[in-house]
Amino acid sequence: MSQPFAKLPAWADYGLLPLINLIVAFLVAGLVVLLVGESPIDAAVLMVKGAFGSGDGVGYTLYYATNFIFTGLCVAVAFHCGLFNIGGEGQAYIGGLGVSLVGLWLGNFLPWWLTFPLAILASALVGALWALIPAWLQAKRGSHVVITTIMFNFIAASIMVYLLVGVLKPAGSQAPETRVFAEGGQLPGLGWLLNLVGLSMRSAPLNVSFLLALVAAFLVWVLIWRTKLGYEIRTMGFSPKAARYAGISELRIIIITMMISGALAGMMALNPIMGAQHRMQLDFVAGAGFVGIAVALMGRSHPAGIVLAAILFGMLYQGGAEIAFDMPNISRDMIVIIQGLVILFAGALEHMFRPSLQRIFYRLGRAKNRTAAAVIAGGNQ
Amino acid sequence: MAEPAIELVGIDKRFGAVHANRDIHMRVEKGTIHGIIGENGAGKSTLMSILYGFYQADSGEIRINGQATRIADPNAAIALGIGMVHQHFMLVEKFTVLENVMLGVEGAPLLKNGISKARAELKRLEREYQLDVDPDALIEELPVGLQQRVEILKALYRGAEILVLDEPTGVLTPPEADHLFRILEQLKSQGKTIVLITHKLREIMAVTDNVSVMRQGAVVATRKTEETTVEELAELMVGRRVLLRVQKGEAKPGGVKLSVENLTVRDSRGVVMVDDASFDVRAGEIVGIAGVAGNGQSQLIETIAGIRAAVSGRVLLDGQIIDITGAADPGELRDRGLAHVPEDRHHMGLVLAFEEYENSILGYQDDPLYLNGPFLDLEAIKADARKKIEKYDIRPSDPRLKTANFSGGNQQKIVLAREMERDPGVLIIGQPTRGVDVGAIEFIHKRIIEMRDAGKAVLLVSVELDEIRSLSDRILVMFAGRIVGERDSDADEGELGLLMAGVEHKEAAE
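Described in the following lines is the structure provided in the data block.

### Examining the interface of chain A and chain B
Across the contact, 25 residues belong to chain A and 40 residues belong to chain B. Here chain A meets chain B over a buried area of about 2,700 Å², counting both sides, of which 59% is carbon and sulfur. Between Glu358(B) and Arg234(A) there is a salt bridge whose closest N-O contact spans 2.7 Å. Taken together, the connections running from chain A to chain B amount to 16 residue pairs in polar contact (both at pLDDT 80 or more). The set of elements that each furnish at least two residues to the side of chain A that touches chain B consists of helix H8 (209-226), helix H9 (228-238), helix H10 (240-245) and helix H16 (354-380) of chain A.

Here it is, written out as structure tokens:
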């Protein structure tokens with residue numbers, strides 16, 4: 001009785017509904033573009049062309065997507081446990097420390113394929129430890145992770161400013177960043193991958209971290225749906241009472257989940273630091289931690305959905321930069337508005353169109369039944 | 001013959017694939033008590049929701065006092081003189097009785113005039129129907145029975161001539177239920193029409209004039225109550241013959257399996273929920289704990305099952321002390337042979353968002369049988385789930401179906417299968433048949449008796465006194481956290497009812 005309307009088929013639930021949300025978001029964004037006196041159609045063409053029209057465009061799009069896959073997975077894993085980790089920003093930022101230490105030190109004498117796994121471990125470890133404190137506070141003291149993780153973002157930012165300005169900056173430099181890593185601290189690009197599909201990438205920073213992100217997405221899927229730990233995480237996420245009943249330790253699960261979540265965020269630091277800039281710069285996360293929340297929402301906390309949503313947001317970033325460049329009336333801030341609209345419709349208002357869609361499907365279903373009945377009746381005559 | 005108060009003509013309602021009401025015809029005569037009985041999901045609540053304007057029928061007509069009407073929303077229903085007393089009370093706990101009664105019909109932006117008028121009207125209603133409630137009492141301080149009276153007053157205050165009560169006795173003690181029935185008789189004698197929705201056959205027989213039986217969305221029969229029997233109604237409800245009496249042999253109690261000594265439990269606010277409780281459960285017997293909901297039974301069994309912390313006392317399982325400090329691992333207790341079917345099936349016993357097979361291992365997820373290193377052995381789990389589905393006749397028989405999509409009875413069978421198939425030494429069962437249809441009740445009761453006959457110690461908690469009486473070999477009565485009495489299974493119902501209401505307890509204290 002609690003289900004007043006027909007259930008949507010899976011393809012409509014996971015495909016059609018997000019698509020409608022996205023179209024509405026773009027329509028409203030189009031209105032905004034219209035308001036500032038530019039053609040929305042031109043802007044849309046520019047965006048898609050900018051994001052997918054060239055090897056470098058694709059390279060940038062996937063480079064941004066890499067960041068968002070990591071931070072999206074970070075949010076999703078915590079979601080499955082019923083935790084809202086909005087500290088991905090800080091966990092990724094502080095994770096940069098792990099990457100940089102490996103890059104600055106081991107990068108001097110080890111080849112990249114040795115430093116890479118070590119940097120993965122270091123970034124994951126630092127990110128996980130940064131998430132451990134809020135996790136412990138939540139599990140032991142009941143301090144809400146939403147509050148503590150966002151506080152930890154500020155702490156991380158302050159620490160990093162202090163380190164980059166005072167400790168890690170090479171003497172004599174004016175820029176708040178580390179020195180450039182030696183060759184062993186630089187990840188190879190993925191130009192060859194784009195060559196396979198006939199695109200050439202010259203300056204885009206797409207690198208092997210993208211492949212790592214895809215592997216991480218797969219591993220998260222395995223973790224959540226194929227392991228005992230994932231089972232326990234989901235039990236806790238759906239019903240803490242059921243978890244208690246099942247003998248699942250709340251303390252243990254919250255801490256482990258948050259550490260995995262933090263580790264995923266930490267690994268995001270590999271992409272810009274070792275993959276693109278080959279040094280750590282101030283504010284290299286640049287909001288990717290927060291975009292991860294939208295990506296996880298839009299991807300319904302499923303790794304496959306997250307990869308797709310991350311690519312969409314990568315497109316918005318890359319294509320948006322192109323629009324800002326070519327249309328003088330549209331500034332970077334306008335791009336942020338458009339991204340905000342996508343987050344609003346695809347994330348926050350995710351279910352706005354669900355009831356109407358359900359009603360339509362219900363009517364369609366009834367019409368079909370009636371036709372079928374008429375056919376049978378006709379056949380009997 | 002006078003026009004009927006309510007006449008439903010061909011009411012039909014679908015929710016997607018679910019045909020909740022099929023072509024319903026029903027006449028409720030003025031000044032009678034009309035019962036509607038049926039299993040969970042038979043469509044009773046949907047039908048009443050249509051009458052009260054929550055839903056619109058897909059087709060069909062509602063006639064009130066002979067007039068065809070369209071009831072678009074509850075306001076329209078109220079205007080037609082229909083009042084509804086919901087199963088879950090719609091009262092503001094922090095408001096007084098008076099404030100609740102006048103809520104929504106205050107009359108003016110300033111309350112002053114409305115209050116004095118409402119007070120006068122309330123006095124009149126109380127006099128007329130002997131519905132005594134202190135108008136200035138806070139709702140949260142009233143016992144449940146009185147809260148229900150406030151709901152009835154609310155309906156009458158709005159001018160209800162037709163009163164619909166949805167499962168009104170679910171939260172009442174037997175004496176409170178009897179009192180409610182006297183009120184209903186009183187209302188009837190004043191010319192009100194009453195529709196009583198219930199799944200309890202006894203209540204239908206006790207108080208109604210006519211009864212309609214619903215099954216799978218349709219009215220399958222309407223009878224004059226005096227011309228029918230409990231057996232006939234039960235058969236009509238389920239669609240086949242059912243055993244209402246539980247068949248069981250003599251208990252052969254063995255050694256003590258579970259022992260509770262001076263157990264005291266407080267809730268998170270520090271209120272004493274279990275007060276110095278002591279009892280034993282032996283192998284091969286069923287000990288039932290009777291009591292009105294909220295008298296500490298839930299806390300008692302949750303503490304024994306290692307979910308809740310106790311303040312003091314001891315619990316022994318097979319002579320070995322159980323950790324009741326709150327640090328106990330329910331998983332470890334399971335290994336020691338203690339199985340627990342929790343009262344709250346929806347939030348504790350099951351994860352409704354899980355597929356059936358995932359719930360079939362809840363609590364046993366550490367068992368190497370279901371694991372492959374750190375990975376779940378999905379094939380083994382599903383095979384095991386299929387076996388249980390077959391043995392416990394769980395329908396639909398699909399381990400991949402989301403648990404929320406099973407009916408209450410089948411959900412309960414999922415939990416029972418999981419806990420009973422482990423062959424535990426001690427089985428704790430809370431509300432085994434709450435929200436479960438008659439057909440499944442018979443099955444579940446049989447299983448519980450089988451567990452007893454297999455030499456298990458069974459501790460049973462239920463708010464259904466009939467269930468406690470028909471299953472238990474010994475009955476403990478809980479009131480305000482204390483065990484206030486122990487009786488044999490053939491104890492007098494009235495006596496148990498008084499114990500449940502704390503009567504003897506109070507006398508002893510004086």
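### Focus on helix H3 (residues 55-80) of chain A
Residues and elements named next belong to chain A. For H3, which comprises 26 residues, the first-to-last C-alpha distance of 36 Å matches the rise-based estimate of 38 Å (1.5 Å per residue) to within 8%. Counting buried positions over the 26 residues of H3 gives 23, a clear majority of the element. One or two residues past the end of H3 sits Gly 82, with phi positive at roughly 80 degrees.

### Section: the sheet that holds strand S1 (residues 6-15) of chain B
All names here are of chain B. Reading across from one edge, S2-S1-S4-S5 is the order of the four strands in this open sheet, with antiparallel pairing throughout. The outermost strands of the open sheet, each flanked by one partner alone, are strand S2 (18-28) and strand S5 (67-69). This sheet shows a mean twist of 30 degrees between the axes of neighbouring strands, independent of strand direction. As defined by bridge partners, strand S4 (residues 59-64) adjoins S5 across three bridges and the pair is classed as antiparallel. Bridge pairing in S5 places Ile 62 opposite Thr 69.

### Brief notes about a nonpolar patch on the surface
On the surface, Leu19(A), Ile23(A) and Leu27(A) cluster together to form a nonpolar patch covering roughly 300 Å² of accessible area. Judged by relative accessible area, which is 57%, Leu27(A) ranks as exposed.

Rules behind the numbers
- As a convention, each chain's residues are numbered from 1 in the sequence order in which they are written.
- Note on labels: chains are lettered from A, ligands numbered from 1, in written order.
- The model is predicted, so local features are restricted to residues of pLDDT at least 70 and side-chain atom pairs to those at 80 or more, both for listing and for counting; the totals for chains, interfaces and linings are taken over all residues.
- As a rule here, side-chain values come from all non-hydrogen atoms in the structure, and water together with hydrogens is ignored.
- Residue contacts are counted whenever heavy atoms from the two residues lie within 4.5 Å of one another.
- We define buried area as the total accessible area lost by two parts upon association, computed with a 1.4 Å probe and summed across both.
- Salt bridges are identified by distance alone: a Lys or Arg side-chain nitrogen within 4 Å of an Asp or Glu carboxyl oxygen.
- We call two N or O atoms a polar contact when they sit within 3.5 Å, provided that within protein one can donate a hydrogen and the other can accept it, with sequence-adjacent residues counted only if both atoms are side-chain atoms.
- Counting from the N terminus, the helices are the DSSP runs of H or I reaching at least four residues and the strands are the DSSP runs of E reaching at least two.
- How far a helix is expected to stretch is found by multiplying one less than its residue total by 1.5 Å.
- Throughout, exposure labels follow a simple rule: accessible area from a 1.4 Å probe, protein chains only, divided by the maximum for the residue type, with under 20% read as buried, over 50% as exposed, and the rest as partly exposed.
- Here, strands pair whenever DSSP counts at least two bridges between them.
- In this analysis an axis means a line fitted to C-alpha atoms, helices contributing only their contacting stretch, and an angle means the value between N-to-C directions, from 0 to 180 degrees.
- Residues enter patches when they are more than 30% accessible in relative terms and free of salt bridges; like-charged ones are connected within 9 Å and nonpolar ones (Val, Leu, Ile, Met, Phe, Trp, Tyr) within 5 Å.
- Surface accessibility follows the Shrake-Rupley procedure with a 1.4 Å probe radius. Residue values consider only the protein chains on display as shielding.

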